[in-house]
Structures are given as C-alpha cells and as structure tokens.
Amino acid sequence: MITVNVNNTAHTFSKSPTIKEVLERLNISSNGIAVALDNNVLPKSKWEEPLSNHVNILIIKATQGG
C-alpha cells in the first residue's frame with residue numbers, strides 16, 4: 001500500500017499513483033490548479049510519473065475575485 005498526503009489528508013492507494021490518478025480519485029479537475037510535491041511546484045509534464053510513499057502534495061485552486 002502507498003500513502004500520499006494531499007493538503008494534509010492521507011490517502012491510500014494499492015500501487016504508486018500519479019498526480020493524474022490522485023486528482024481523479026479526489027474528483028479534482030486539472031484545470032486552474034497548481035500542484036506542489038514536497039514544496040516544489042510540479043509541472044504538468046511530470047503529472048504522469050509514479051509518486052513515492054508518504055509524499056506530500058499541495059493542490060492550490062485558482063479563484064476569481066478582487
């Protein structure tokens with residue numbers, strides 16, 4: 001089992017997930033978001049690479065307003 005922390009909440013997967021798989025599991029659209037992996041912004045080109053166990057993911061959603 002692999003555990004990843006997303007916005008300080010642990011999620012368990014049967015195999016190493018990718019960012020895309022994490023987003024799908026959590027029903028989060030990939031539009032208008034930024035993803036940081038262990039405090040480093042992760043470009044979309046790397047969202048299909050398998051994640052390590054106990055990695056920390058921060059997902060930030062863009063909002064409109066002023």
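Computed from a prediction, not measured in an experiment: that's the story for all the values here.

*Asks:* Would you mind showing me how to read the overall build of the protein chain here?
*Replies:* In terms of regular secondary structure, the protein chain is built from 1 helix and 5 strands. Helices and strands in the protein chain line up, N terminus first, as β-β-α-β-β-β. What you see for the protein chain is a C-alpha radius of gyration of 12 Å, in line with the 11 Å of a compact globule of 66 residues. When burial is assessed residue by residue, the protein chain has 32% of its 66 residues classed as buried. Across the protein chain, every contact between residues at least 6 apart in sequence was considered, and the portion connecting residues at least 24 apart equals 53%. Per element, the accessible surface of the protein chain, about 4,600 Å² overall, is 47% carbon and sulfur. For the protein chain, the distance from the average site of its 6 positive side-chain charges to the average site of its 5 negative ones is 4 Å.

*Asks:* Honestly, the environment of Ser16 in this entry has me stumped. Any pointers?
*Replies:* Relative to the elements of secondary structure, Ser16 occurs in the loop between β2 (9-13) and α1 (19-25). For the pair Ser16 and Asn40, spaced 24 residues apart in sequence, the C-alpha to C-alpha distance is 19 Å. Filtering out sequence-adjacent residues up to four positions away, Ser16 remains in contact with Ile2, Glu21, Pro50 and Leu51. Among the polar contacts listed, one links the side chain of Ser16 to the backbone oxygen of Leu51, at a separation of 3.3 Å.

*Asks:* Just to check I follow, could you spell out the pairing of strand β1 (residues 2-6) for this structure?
*Replies:* Residues in a regular strand point their side chains to alternate faces of the sheet. The element β1 is extensively covered by neighbouring structure, given that 4 of its 5 residues are classed as buried. The pairing of β1 with β2 spans 5 bridges and is classified as antiparallel. Directly across from Asn5, in β2, lies its bridge partner Ala10. The antiparallel pairing of β1 with β2 creates a hairpin that spans 2 residues between the two strands, and Asn7 there sits at a positive phi of about 50°. Judged from the 2 bridges that link them, β1 and strand β5 (residues 56-61) form a sheet pairing that is parallel. Across the sheet, the residue bridging to Val6 is Ile57, located in β5.

*Asks:* Would you mind showing me how to read the sheet that holds β1 here?
*Replies:* Adjacent strands of a sheet pair through backbone hydrogen bonds, lying either parallel or antiparallel. Sheet architecture is open: 5 strands sit in the order β2-β1-β5-β3-β4, paired in mixed fashion. Only two strands of the sheet have a single partner each, and these edge strands are β2 and β4 (40-41).

*Asks:* It is not clear to me how the nonpolar core should be interpreted in this structure. Could you clarify?
*Replies:* Within soluble globular proteins, side chains that are nonpolar tend to cluster in buried spots. Counting 16 residues, the largest nonpolar core has Val4, Ile19, Ile57 and Ile59 as the members making the most contacts within it. Elements supplying a minimum of two residues to this core: β1, α1, β3 (33-37) and β5. With sequence-adjacent residues up to four places away left out, Ile59 is seen in contact with Val6, Asn7, Leu23, Ile28, Ile33, Ala34 and Val35.

Rules and cut-offs
- Residues numbered from 1 in each chain as written.
- Predicted model: local features only at pLDDT ≥ 70, side-chain atom pairs only at ≥ 80, totals over all residues.
- Heavy atoms only, no water.
- Helix = DSSP H or I, 4+ residues; strand = E, 2+ residues; numbered from the N terminus.
- Rg over C-alpha atoms; globule rule 2.2 N^0.38 Å.
- Buried < 20%, exposed > 50% of the residue type's maximum accessible area, 1.4 Å probe, protein only.
- Contact = heavy atoms within 4.5 Å.
- Areas by Shrake-Rupley, 256 points an atom, 1.4 Å probe, with all protein chains shown as cover.
- Lys, Arg positive; Asp, Glu negative; His and termini not counted.
- Charge placed at Lys NZ, Arg CZ, Asp CG, Glu CD.
- Polar contact = N/O pair within 3.5 Å; in protein donor to acceptor, adjacent residues only side chain to side chain.
- Pairing = 2+ DSSP bridges.
- Core = buried A, V, L, I, M, F, W, Y, C linked by side-chain atoms within 4.5 Å.

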